[in-house]
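# Geometric and topological summary
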Amino acid sequence: MLLRSEFVIEFQLPQAAAMIGLLRLHPSWDHRVMFPEQLRVEHVAGEAVKTIEPDEYIDGFGNRCTRFLAPAGQIRLSGESLVTVDAVIDPIATEAKQHPVEELPTEVLQFLLSSRYCQVDQLSLVAGDLFGHTTPGWARAIWIRDWVHSHVRFDYMSARPIKTALDVFTERVGVCRDFQHLAITMCRAMNIPARYVTGYLGDIRRPYSGAGDFSAWYEVYLDGRWWTMDARHNDERMGRVLMALGRDATDVAITTSFGVANLLKFYVESFEVDEAGNKVPLPEVPIL
């Protein structure tokens, strides 16, 4: 299955500011890329468009990052990719076992700890009360995912950049990243390593659900590997395209501006194409 993903983001800057973007695919997906991935950083002044050459680096989580100095005025970030993915839904592993903490790989331990948006210390007692009776492993991870999905209401208007897992637990409303933050926190509190993931998740072989966006989900570490979980959608999907992963949204922000950057335009889409590059029509019911 071929997936094309594309985005255009525009900002207005009152003065020059350094920026960091995690707008390219994760390096682990390089073997899936069918054509060179494109990322453009441009300064727009009327009809004049000037290209800004960014620098790239790999951060501590293995994500591909872009940094540049954006001059005052209008900045346009755009890009596209074409990747091949398996036409299968998220895997299910009902027998996946939970590792005792002392047996976890050292690099996984950080995903048990509190982070900016995931206050494990403040929700550990709550998690024990809610999930202490569940069977360790896959069953416990699914129980947590399902609980968050059924107890938190999705609402775009409730989004705010400082909302934490504790806020989500208290308010019971949020956007996709809020669902994932609460589920991640509950998993960590029950000694299941969990990490935050961002990328594309379009309506792949599913009915149209609305304008596109970058998506968030999370992964849990069971039986020696990472497994995809999604407390927002709470069903097995196909067509996830990985961009970045970390402890929470702080580590994988799509853009970070070290100064004022007012958003002017935001367009994101990810869709299936055929061998000729034509967009595949969406079905009336999901095809799984």
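What comes next is a walk through the structure. (Residues numbered from 1 in each chain as written. Predicted model: local features only at pLDDT ≥ 70, side-chain atom pairs only at ≥ 80, totals over all residues. Heavy atoms only, no water.)

### Describing the pairing of strand S5 (residues 55-58)
Put simply, side chains in a regular strand alternate between the two faces of the sheet. With four bridges connecting them, S5 and strand S6 (residues 64-70) associate as antiparallel partners. Bridge pairing links Tyr57 to Cys65 in S6. Hairpin connection of S5 to S6: five residues between the antiparallel strands, including Gly62 at a positive phi of 85°. (Pairing = 2+ DSSP bridges. Helix = DSSP H or I, 4+ residues; strand = E, 2+ residues; numbered from the N terminus.)

### What about the layout of surface pockets?
Roughly 590 Å³ of internal volume is contained in the second largest pocket. At the level of elements, strand S11 (214-222), strand S12 (225-229) and strand S13 (240-246) are the ones that each hand at least two residues to the lining of the second largest pocket. Among the elements that line the lining of the second largest pocket, the one with the most residues is S12, at four residues. Taken together, the residues that form the lining of the second largest pocket break down as ten nonpolar, four polar and eight charged. (1 Å grid on protein atoms, 1.4 Å probe; cavity = no way out; pocket = protein on both sides within 12 Å on 5 of 7 lines; lining within 4 Å. Points joined across faces, edges and corners; volume = space filled by probe spheres on them. Nonpolar A, V, L, I, M, F, W, Y, C, P; charged D, E, K, R; others polar.)

### Things to note about the side chain of Asn63
With respect to the helices, strands and loops of the structure, Asn63 is situated in the loop between S5 and S6. Within the local environment of Asn63, its side chain forms a polar contact with the backbone oxygen of Leu245, the two atoms lying 2.8 Å apart. Residues within four places of Asn63 in sequence aside, it is in contact with Leu22, His26, Pro27, Tyr57, Ile58, Met243, Ala244, Leu245, Asp251 and Val252. (Polar contact = N/O pair within 3.5 Å; in protein donor to acceptor, adjacent residues only side chain to side chain. Contact = heavy atoms within 4.5 Å.)

### A closer look at the packing of helix H2 (residues 138-151) against helix H4 (residues 176-189)
Packed helices, taken two at a time, are described by the angle their axes make and the gap between the axes. In contact at an axis separation of 9 Å, H2 and H4 are set at 145° when each is read in the N-to-C sense. Both H2 and H4 take part in a crossing whose hand is right-handed. In contact with Ile144, Trp147, Val148 and His149 of H2, H4 contributes Phe179, Leu182, Ala183, Met186 and Cys187. When the residues that make up the contact of H2 with H4 are grouped by side-chain class, the tally is eight nonpolar, one polar and no charged. (Axes fitted to C-alpha atoms, helices over the stretch in contact; angles between N-to-C directions. Left-handed = near helix turned anticlockwise from the far one by under 90°.)

### Observations regarding the environment of Thr135
Note on placement: Thr135 falls in the loop between helix H1 (120-131) and H2. Under the relative-accessibility criterion, Thr135 is labelled exposed at 53%. (Buried < 20%, exposed > 50% of the residue type's maximum accessible area, 1.4 Å probe, protein only.)

### Digging into the sheet that holds strand S4 (residues 48-51)
With respect to topology, five strands assemble into an open sheet ordered S4-S3-S7-S1-S15, the strand pairing being antiparallel. The outermost strands of the open sheet, each flanked by one partner alone, are S4 and strand S15 (262-273). Along the sheet, successive strands turn relative to each other by an average axial angle of 20°, direction set aside. Strand direction decides the pairing type here: strand S3 (residues 38-45) and S4, joined by four bridges, are antiparallel. In the sheet register, His43 faces S4, and the bridge partner there is Lys50.

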